[in-house]
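Chain residues, written in single-letter form:
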Amino acid sequence: MVTWTQAAAYAVALVLTLCACAWLTPRAWWRRPNARALGVLGVGTAAGGTLLLAMFGAPASAPQLVQSAQAQEVTGTDVPVAGARYRVHDALNLRIAGGVGAERLLVVPAGARVEATGLRDGDWWQVRATVNGKEIEGWASSLWLRRADEGLVSVSSQGRLPD
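Keep in mind that this is a model prediction, so the values were computed, not measured. (Residues numbered from 1 in each chain as written. Predicted model: local features only at pLDDT ≥ 70, side-chain atom pairs only at ≥ 80, totals over all residues. Heavy atoms only, no water.)

**Here we look at the overall build of the protein chain**
Within the protein chain, the regular secondary structure consists of three helices and eight strands. For the protein chain, the N- to C-terminal ordering of α and β elements is α-α-β-α-β-β-β-β-β-β-β. Among the 163 residues that make up the protein chain, the fraction classed as buried is 25%. Summed over all atoms, the accessible surface of the protein chain reaches about 11,300 Å², with 59% contributed by carbon and sulfur. (Helix = DSSP H or I, 4+ residues; strand = E, 2+ residues; numbered from the N terminus. Buried < 20%, exposed > 50% of the residue type's maximum accessible area, 1.4 Å probe, protein only. Areas by Shrake-Rupley, 256 points an atom, 1.4 Å probe, with all protein chains shown as cover.)

**Remarks on helix α1 (residues 4-24)**
Compared with the 30 Å implied by 1.5 Å per residue over 21 residues, the 30 Å span of α1 between its first and last C-alpha is a close match. Along α1, the positions that sit buried rather than exposed are A9, A13, T17 and C21. One side of α1 holds all its buried residues, which, seen down the axis, span an arc of 100 degrees. In α1, the exposed positions that point more than 90 degrees away from the buried face belong to W4, A22 and W23. Those residues of α1 that are buried lie in contact with α2 (35-56). (Expected span 1.5 Å × (residues − 1). Arc of directions from axis to C-beta. Contact = heavy atoms within 4.5 Å.)

**Things to note about the packing of α1 against α2**
At a minimum axis distance of 7 Å, the contact between α1 and α2 shows a crossing angle of 130 degrees. Between α1 and α2, the crossing angle belongs to the class labelled oblique. Helix-helix and strand crossings are classified by hand; for α1 and α2 the assignment is right-handed. Mapping the contact onto sequence places T5, Q6, A9, Y10, V12, A13, L14, T17, L18 and C21 in α1 and V40, L41, G44, T45, A46, G48, G49, T50, L52 and L53 in α2. Looking at the contact of α1 with α2 residue by residue, the classes come out as 12 nonpolar, eight polar and no charged. (Axes fitted to C-alpha atoms, helices over the stretch in contact; angles between N-to-C directions. Parallel < 35°, antiparallel > 145°, perpendicular 65-115°, else oblique. Left-handed = near helix turned anticlockwise from the far one by under 90°. Nonpolar A, V, L, I, M, F, W, Y, C, P; charged D, E, K, R; others polar.)

**Focus on unusual backbone geometry**
Glycine aside, a negative phi is what most residues show, and trans is what most peptide bonds show. Despite not being glycine, N132 has its phi angle at roughly 55 degrees, a positive value. Secondary-structure assignment places N132 in the loop between β6 (124-131) and β7 (134-141).

**Quick word on the nonpolar core**
Counting 15 residues, the largest nonpolar core has V88, L94, V108, V114, V127 and L145 as its most contacted members. When contributions to this core are tallied by element, the ones reaching two or more residues are β2 (85-88), β3 (92-95), β5 (113-121), β6 and β7. For this core, the element with the highest residue contribution is β6, accounting for four residues. Those residues in contact with V88 that lie beyond four places of it in its chain are V108, P109, A110, G111, A112, V114, W144 and L145. (Core = buried A, V, L, I, M, F, W, Y, C linked by side-chain atoms within 4.5 Å.)

**Concerning the pattern of salt bridges**
Per the counting criterion, the structure on display carries four salt bridges. As a salt-bridge pair, R85 and E115 come within 3.8 Å of each other at their nearest N and O atoms. Taken together, the positions of R85 in strand β2 and E115 in strand β5 put the pair 30 residues apart, joining distant regions of the chain. The shortest N-O distance in the salt bridge between E137 and R128 comes to 3.0 Å. Taking relative accessible area as the criterion, R128 reaches 26% and is therefore assigned partly exposed. One salt-bridge network, held together by shared partners, links R85, E115, R128, E135 and E137. (Salt bridge = Lys/Arg side-chain N within 4 Å of Asp/Glu carboxyl O.)

Everything listed here is a matter of geometry and, on its own, says nothing about what the molecule does.
Structure follows, in structure tokens:
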């Protein structure tokens, strides 16, 4: 879906590219349509539109703070409520910011408990964990977290579920 901001940025880039081409290229290029002129217009418009969007586009969304459990009922999804406790499903990379490209602070072992601060950025939640007696705050993928009140299902040594 193209927003009006994107359409405007690429329209301005097209106009700027046409002006630059008229000023910087030989007049013979523009007497009849050719692949070279089309390539210059296409690359110039794409590069200019992308540059304009990067410079003046909408800023990245800020992390959202979820204040209460009512948000969970309204959206129907699991959202991090400030102070809610979660259990780490598998070894969890705690990062300095949301995203796999962010620097890793430390690895929280599987089964450890973490507490949500209430901030989130998409699937990335800010959590507080205590590892080796040191409390640290960082960002974690919510896919690796389970609610602390979820029961653990284990299989007994005979291969059947406990009663």
